[in-house]
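Breakdown of the fold
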Amino acid sequence: MSLRRIAPTRLSPIGLDIGTHEIRAVQLARTGSGDSLVCRAIFPRHVDPSDYQPMERDEAAWMTGVLARKGFVGDRIAVIAPHGSCSAHIVELPARESGAPKDVIARAEIARTRRCPPDRFELASWYLPQRGRTDRGMAIACEKSQLEACIDSLEDAGMVPVAVDLEETAFARACAPALAADADAIHAMLRIGWNSTMGVLALGETVVYTRRFEIGVGRFVCRFRDRTGLSWNDASRVLDSNTPDAEQPDAFEKVARSMWSDLATRLGAEIDTAVTYVTHAHRSAPIGRVLVSGYGAGRPEVLTTLDDILGMPVSPADCWPGSDPIGDAGESARYAVAAGLAGRFDA
C-alpha cells in the first residue's frame, strides 16, 4: 500500500484594503491543489468619512482586535500604498535585453521631473508592451514619508507589514484569470471608491494606464445624510441596499437607484475617454471587457449604464480563486483589492 503525501497548507498575509469609509480584509490558503478562501470581512472605520484620514495607532490597535475576533490568523499583513501618496509616470527605459538597471533610470527621471531627491520616494516600474523601436515603462512613485507613517502605525499595533502594493497592481492580480483569458485585448477595470474611482487599463495582464476620477459614492451618502439627519453609519446603508427589482422600494432603495445611475453615467464618460486613449496607442489590440469592483459593483444601473456608454461587456470583478464564491458577484467584487493583496504569497 502506498501513502499519499499531503501537501502543506500555506497561509497568505491578511490583505488589508483600508479605505476612507470601511476596511476590507481577506486571507487565503495555498496548497498543491490551488488557493482557497480562509476568511473575509468588511467593517466600518472609526473616523469621520467626509475626507480620507490615515490610520492612527489607536484605530490600528482596534482593527487588530476585530481581525482576531473575525477569525483571521496571524499578524502578517499586506496593504496598499496610502491614499494620495502615489503618482504615475510614463518613462523611457533602456532596451529590455540591455541588462541596464531600469529602476535606477526610472527613479532618476522621476526625481528630475518632480524636482526632488531620488531617495524621497519608493518606486515600482515595469515595461509596457512594445510599440515601435523604443521601450517605455510605467513607473509609480510613492511618497516615502506617508508610507513610513502608515507602516509605523500598523507596527505599533502589533502587525507585521510584509508587503506594500499599488492599488492598480493588487486589482490586476485579483482579476488575473479574467485578464489572461483574453491576453491580447485591452481591458478596463474600475474600482468605485468613497471619494474617487480608480480606472485601470490593461493589455492582457499588463497595466498600461491608470487614472483616478474624482467621482465616488461619498458625496451621495453625505447629501442623503444631510437631508435626513441620519448618522454616517445609518446613511451608509444606502450602499448596501440591493432590491433593484422591488416594485415598492423603501427610502434607501429609492436613493440607491438614483445614486448608481448618476454615478455610472459620470464614470462612463470618463472611462470612455481613457479607453479611447489606450486603444489609439495600441491600435492592433482588440477591445476586451470591463471589470467593476468596490461599491455598487453588482448594481444593474452600474453595469447596464457602463455597457451602453462603452459598448464593452461589463461584469463584477471575479476575484476569488477556484470555486470559493461568497454571496453574489457584486458582493464578491467589493473585496477585489483585498483579495489581490492576500495573493502576495511571495511576501
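Residues numbered from 1 in each chain as written. Predicted model: local features only at pLDDT ≥ 70, side-chain atom pairs only at ≥ 80, totals over all residues. Heavy atoms only, no water.

What follows covers the sheet that holds strand S8 (residues 135-143). Here we have three strands laid out as an open sheet, ordered S6-S8-S7, and antiparallel in their pairing. Single-partner strands in this sheet number two, and they are strand S6 (86-93) and strand S7 (121-127). Geometrically, the sheet is characterised by an average inter-axis angle of 25 degrees between neighbouring strands, direction not taken into account. Strand direction decides the pairing type here: S6 and S8, joined by eight bridges, are antiparallel. Across the sheet, Glu92 pairs through a bridge with Arg136, a residue of S8. Helix-sheet contacts for helix H2 (residues 102-114) involve S6, S7 and S8, and the interaxial angle to S7 is about 120 degrees. (Pairing = 2+ DSSP bridges. Helix = DSSP H or I, 4+ residues; strand = E, 2+ residues; numbered from the N terminus. Axes fitted to C-alpha atoms, helices over the stretch in contact; angles between N-to-C directions. Contact = heavy atoms within 4.5 Å.)

On to the environment of Ala25, then. Within the element layout of this structure, Ala25 appears in strand S3 (residues 22-31). Between the C-alpha atom of Ala25 and that of Ser87, which follows or precedes it by 62 residues, the distance is 25 Å.

For the rest of this paragraph, the subject is the layout of surface pockets. Here the largest pocket defines a volume of roughly 780 Å³. Contributing to the lining of the largest pocket are 42 residues, with Pro82, His83, Gly84, Glu167 and Arg212 lying nearest its centre. Only strand S2 (14-18), S3, strand S5 (76-80), S6, helix H3 (144-156), helix H4 (167-174), strand S10 (186-192) and strand S12 (206-213) provide two or more residues apiece to the lining of the largest pocket. It is H3 that contributes the most residues to the lining of the largest pocket, five residues altogether. The space that makes up the second largest pocket amounts to roughly 330 Å³. Lining the second largest pocket are 19 residues, with Asn242, Asp328, Gly330, Glu331 and Arg334 sitting closest to its centre. It is helix H10 (residues 329-333) that provides the largest number of residues to the lining of the second largest pocket, a total of three residues. For the lining of the second largest pocket, the per-class residue count stands at eight nonpolar, six polar and five charged. (1 Å grid on protein atoms, 1.4 Å probe; cavity = no way out; pocket = protein on both sides within 12 Å on 5 of 7 lines; lining within 4 Å. Points joined across faces, edges and corners; volume = space filled by probe spheres on them. Nonpolar A, V, L, I, M, F, W, Y, C, P; charged D, E, K, R; others polar.)

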